[in-house]
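Summary of the model geometry
Residues per chain, in single letters:
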Amino acid sequence: MSEQRTPATAELTEDEILEMQDSMSGEWGESAPRKAKAFWPSLGRLFGTFGDHKAGLAIVLAFGIISTGLAVWAPMILGDAVDVIFDGVMAGTGIDFIDLGRLLAIVMGMYVVAALFDWLQGRLLNDVVMRIVYRLRQKIEAKVNRLPLSYFDTRQRGDLLSRTTNDVDNVQTAMQQAFASLVYAVLTIIGITVMMFYLSWQLALIALAALPLTAVVVGIIGSRSQKLFTAQWRHTGRLNGHIEESFTGHDLITVFNRQDAMRETFDTRNEELFEASFKAQFYSGMIMPIMQWVTYLGYVGIAVVGGLRVASGNISLGQVVAFIQYSREFNAPLGEVAGMANMLISGVASAERIFELLDAEEQEADGEITARDTDERGEVTSRRVRRAELTGPTQGRIEFDHVAFSYSPDKPLITDLSLAARPGQTVAIVGPTGAGKTTLVNLIMRFYEIDSGQIRLDGLDIRSLDRGTLRSQVGMVLQDAVLFGGTIMDNIRYGRLDATDAEVIAAAEATFVDRFVRTLPEGYDTAIEEEGANISAGERQLITIARAFLADPALLILDEATSSVDTRTEVLVQEAMAALRTDRTSFVIAHRLSTIRDADVILVMEHGDIVEQGDHDQLLAAGGAYHRLYWSQFMQGVDPDEELAAATGEMAAITGEMATVTGELAAVTGQVPVVTGALPVTGELSTVAGEGAAGTGGPSAAGEQSPDGTAEGAADPTEPTDAAGSTDSTGSTGPTGSTGPTGSTEPHGPGSAAADPHTRRGHQ
């Protein structure tokens, strides 16, 4: 929304406003060019980009001198032609048309040649400028690929896009038009000044007397219009940002019925842009009429003084005519320079923003990494990491050795993290939001460099490896599925560009992409629309999984890779992931704990540290952080085991078996009062209330408990029961199996009979 304005805002100086703008990285308007902080250094650096084209610039300058020289000399020849006519008439001998024709032919030839060289100058200058802009875009693209991920985390996407597109175009326009105008203006002013003093220094002083007045006009009006043009750019950026938000968030705007609010914001910003643009154009449009008026004053002075000098015989009429022509041509380049001033200022501002991007601190180059180590006394030492190469096939052993990392020095995240993942292991990472799960895998990918410690791949410090070499060994599937323009075949092949169509289809079949692709009219040649709008979120996710499958990496990182697929499809994808994880080390970040039950090692992270690690059963039995996470999903009505069982059809069979037990357990209602604790069951299992009569503290009957908190002698719903509720197991119903202190129904306690929901399912 709309910008809140306060009276205090109007009292801020321009420097204070610019400083505030630099600090507000969230403002869309800051993607637009503004006044340059250091105009002259930026202008000098902009002209310095012509350094690689000195030969072309020399030719441009030579053509400009020839064109301007001929154009400046032509009025002098015209003056001679006027003298031929005037002298012939005054002498009564008649006009010498031969001499007059010769002079006019010379003038026409001079103007034709001047126009030809002027065209050649513009053509060559345009070629030079386009080559400079071409190289500038190349430098920006290369720079973006050398910037660390932290740079993009702290910059707004709209601002970066504006620097690489709008600012480059603005610089191109300024260089093409402003530079050409400056060259023409400087050469013309120099040439005309020389010719005017050659003809009459008195008239030259009269013509030049208008310059101070012109400078005052340009200074006052130009300064005002420059600020208005700056505001115009700013409001243009804000309006464009609002439009982009409206388009990208159209679905969300519609869901929350915010169309009117967005339209009002658009109208407000559009009105601000209109006012700024109108005022900017109005003030800048005043420059030329005022300068024209000053020019007319100069004409009057030259005509009066020139006429007196003609009458006194000190100067010829032709020379006065030529002088008037020079005075007109003298003011034209001044007006053009004034008109180009705002364009030049805007172009320099854009150039400064581009130079800021090009000067941004890059990630340390491969082979120039400096590592910091902390010794036993806590002293930090630095050393240069030597380059190394992976020899032979990558095994996939990952080791974290006392790793410390923080996004900012004042906010430590990972302080002392150590772990080892053996080749072929699946390491699951769980924990609350902000615990550092994604950070952990980002460090493996070297998206960020660690502060101290080591991360080793097959015994080699990953900082000693080229980033490209390291990342070629890793396949990554992110939570947000990113697809590119092109076909489904192209997007899957992005994982390995040299893959054949057969290999792509094989990867698609292994990850169940082939199932829905075959239903599309164009199959694998289906073009992906903007942001994958023509396929579902789950299908987009499957395509990214197939892409990683095709890459066949040694390391696999899955960051909530199945978050956008339904439960039944997730089961299929899990099967594909099981095949994909075979013989390769895998790191899996998951919030749905059902997806990582079969992981070899589960790491539980909190505040950047590993607080627990072990397999699923060990962590549940420990009753710690993982136990709390697991039961938080169960107590919210989401049993991770039942979620998978429902997808594979197991729950259908169990539900039917439970239904047969319900009627038999109903006869045991007389013993229900023995149960003093709340039953931690929800959903369809809550109907089996008679289970409490069996003396359990959870969803299954148990006569006594094992040390890990699970009930021994659990009643298997698949076994027959008699009317009294007795079973074939050792946990017979009655006082012996009743709920007592050792089997209290505390759903979160480690000794709870319901501590492990697996115990209530007969098939496990």
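Residues numbered from 1 in each chain as written. Predicted model: local features only at pLDDT ≥ 70, side-chain atom pairs only at ≥ 80, totals over all residues. Heavy atoms only, no water.

**Some remarks on the overall build of the chain**
Scanning the chain from N- to C-terminus turns up 24 helices and 16 strands. In the chain, which comprises 764 residues, the proportion classed as buried is 45%. (Helix = DSSP H or I, 4+ residues; strand = E, 2+ residues; numbered from the N terminus. Buried < 20%, exposed > 50% of the residue type's maximum accessible area, 1.4 Å probe, protein only.)

**A look at unusual backbone geometry**
Positive phi, normally seen in glycine, also occurs at D458, with a value near 50°. Here D458 lies in the loop between β6 (452–457) and β7 (460–461). Accessibility expressed as a relative area gives 26% for D458, which makes it partly exposed. With a phi angle near 55°, H607 is a residue other than glycine that sits in the positive phi range. In this structure, H607 sits in the loop between β13 (601–606) and β14 (609–614).

**Thoughts on the sheet that holds β6**
The strand order across the open sheet formed by four strands is β4-β3-β6-β7, and the pairing between neighbours is antiparallel. Taken across any chain shown, the strands that pair with only one partner, and hence form the sheet edges, are β4 (414–421) and β7. Here β6 pairs with β7 via two bridges, running antiparallel. Of the residues in β7, the one forming a bridge with L457 is L460. The strands that helix α14 (residues 437–444) touches are β3 (398–405), β4 and β6; relative to β3, the one it contacts most, it runs at about 115°. (Pairing = 2+ DSSP bridges. Contact = heavy atoms within 4.5 Å. Axes fitted to C-alpha atoms, helices over the stretch in contact; angles between N-to-C directions.)

**Considerations on the pattern of salt bridges**
Tallied over the entire structure, the rule returns 21 salt bridges. A salt bridge links D359 to R45, with the shortest nitrogen-to-oxygen separation between them at 2.7 Å. Taken as a pair, D359 in the loop between α13 (317–358) and β1 (370–374) and R45 in helix α3 (residues 39–48) lie far apart in primary sequence, 314 residues in all. Where R456 meets D401, a salt bridge forms, and the shortest distance between an N and an O atom there is 3.3 Å. Here the residue R456 occupies a position in strand β6, and D401 occupies one in strand β3, the gap between them amounting to 55 residues. For D401, a relative accessible area of 27% translates into the label partly exposed. Overlapping salt bridges, with partners in common, bring together R397, E399, D401 and R456 in one network. (Salt bridge = Lys/Arg side-chain N within 4 Å of Asp/Glu carboxyl O.)

**Comments concerning the nonpolar core**
Core analysis: the biggest nonpolar cluster contains 32 residues, and I398, F400, I429, L443 and F587 have the highest contact counts within it. Taken together, the elements giving at least two residues each to this core come down to β3, β4, β5 (426–430), α14, β6, β11 (555–559), β12 (585–589) and β13. When residues no more than four places from it in sequence are discounted, the contact partners of I398 are L419, A420, A421, I444, R456, L457, L555 and F587. (Core = buried A, V, L, I, M, F, W, Y, C linked by side-chain atoms within 4.5 Å.)

**Focus on empty space enclosed by the protein**
A complete count under the given rule lists seven cavities of 30 Å³ or more for this structure. Quantified by volume, the second largest cavity comes out at close to 110 Å³. In this structure, the second largest cavity is lined by 13 residues; those nearest its centre are A561, T562, Q574, V588 and T595. When grouped by side-chain class, the residues that make up the lining of the second largest cavity number six nonpolar, four polar and three charged. (1 Å grid on protein atoms, 1.4 Å probe; cavity = no way out; pocket = protein on both sides within 12 Å on 5 of 7 lines; lining within 4 Å. Points joined across faces, edges and corners; volume = space filled by probe spheres on them. Nonpolar A, V, L, I, M, F, W, Y, C, P; charged D, E, K, R; others polar.)

**Regarding the confidence of the model for the chain**
Of the residues in the chain, 74% reach a pLDDT of 70 or more, and the chain-wide mean stands at 75. Across residues 16–32, confidence stays below pLDDT 50; counting only partners more than four residues off in sequence or on other chains, it has 36 contacts. (pLDDT = per-residue confidence, 0-100.)

**Here's the deal with a nonpolar patch on the surface**
Together, F86, M90, L317 and V321 line one region of the surface with nonpolar side chains, adding up to about 330 Å² of accessible area. With relative accessibility at 58%, the residue M90 sits in the exposed group. (Patch = residues over 30% accessible without salt bridge, like charges linked within 9 Å, V, L, I, M, F, W, Y side chains within 5 Å. Areas by Shrake-Rupley, 256 points an atom, 1.4 Å probe, with all protein chains shown as cover.)

**Things to note about the packing of helix α8 (residues 166–199) against helix α9 (residues 201–208)**
Across the interface, α8 lies against α9 with an axial gap of 6 Å and an inter-helix angle of 135°. One finds that α8 runs oblique with respect to α9. Within the contact between the two elements, α8 uses M196, F197 and L199 and α9 uses W201, A204, L205, A207 and L208. Grouping the amino acids of the contact of α8 with α9 by side-chain chemistry returns eight nonpolar, no polar and no charged. (Parallel < 35°, antiparallel > 145°, perpendicular 65-115°, else oblique.)

**Comments concerning the packing of helix α4 (residues 54–91) against helix α5 (residues 97–146)**
Direction vectors running N to C along α4 and α5 enclose 160°, while the axes themselves pass 8 Å from each other. Relative to α5, α4 is oriented roughly antiparallel. With respect to the hand of their crossing, α4 and α5 are arranged in left-handed fashion. Here the contact of α4 with α5 is built from residues that sort into 29 nonpolar, four polar and three charged. (Left-handed = near helix turned anticlockwise from the far one by under 90°.)

**Some thoughts on the side chain of T68**
Among the structural elements, T68 can be located in helix α4. Assessed through its relative accessible area of 9%, T68 is described here as buried.

**Quick word on a negative patch on the surface**
On the surface, a cluster of negative charge is made up of E264, D267, E271 and E275. Turning to its location among the elements, E264 is positioned in helix α12 (residues 259–311). (Lys, Arg positive; Asp, Glu negative; His and termini not counted. Charge placed at Lys NZ, Arg CZ, Asp CG, Glu CD.)

**Digging into the side chain of D514**
Among the structural elements, D514 can be located in helix α18 (residues 513–517). For D514, a relative accessible area of 14% puts it in the buried group. A polar contact of 2.9 Å, which involves the side chain of D514, links it to the side chain of R518. Separated by 2.5 Å, the side chains of D514 and Y524 make a polar contact. Those residues in contact with D514, other than ones at most four positions away along the chain, are I505, A508, E509 and Y524. (Polar contact = N/O pair within 3.5 Å; in protein donor to acceptor, adjacent residues only side chain to side chain.)

**Re the layout of surface pockets**
In this structure, the largest pocket occupies an estimated 1400 Å³ of space. Taken together, 38 residues form the lining of the largest pocket, with M445, F447, M476, V477 and L478 sitting closest to its centre. Split into classes, the residues belonging to the lining of the largest pocket amount to 18 nonpolar, 13 polar and seven charged.

**Examining α14**
Among the eight residues in α14, seven count as buried, and that is most of the element. Of all the positions in α14, only K437, T439, L440, V441, N442, L443 and I444 are classed as buried. Phi for R446, located one or two positions after α14, is positive at around 60°.

**Remarks on the environment of T265**
The topology assignment puts T265 in helix α12. The sequence separation of T265 and I243 amounts to 22 residues, and the corresponding C-alpha distance is 10.0 Å.

**So, the packing of aromatic side chains**
According to the stated counting rule, one finds eleven aromatic pairs in the structure shown. Centroid distance Y151 to F152: 5.7 Å. Interplanar angle 85°. Geometry classified as edge-to-face. Exposure remark for Y151: the relative accessible area of 8% places this residue in the buried category. In this structure F152 comes out as partly exposed when scored by relative accessible area, which is 29%. One aromatic cluster is present, formed by F274, F278, F282 and Y283 through successive ring pairs. R45 extends its terminal NZ or CZ atom over the ring of F355, reaching a point 4.2 Å from the ring centre. (Phe/Tyr/Trp six-rings, centres within 6.5 Å; stacked < 30°, edge-to-face > 60°. Lys NZ or Arg CZ within 6 Å of the ring centre and 35° of its normal.)

**Remarks on the sheet that holds β13**
Strand order across the open sheet formed by six strands is β8-β11-β12-β5-β13-β14, with mixed pairing between neighbours. Single-partner strands in this sheet number two, and they are β8 (474–477) and β14. Averaged over all neighbouring strand pairs, the angle between strand axes comes to 20°, with direction disregarded. Where β13 and β14 come together, five bridges link them in antiparallel fashion. Within β14, the residue paired with V604 across the bridge is E612. In the packing of α14 onto the sheet, contacts are made with β5, β8, β11, β12 and β13, and the angle to β12 comes to roughly 150°.

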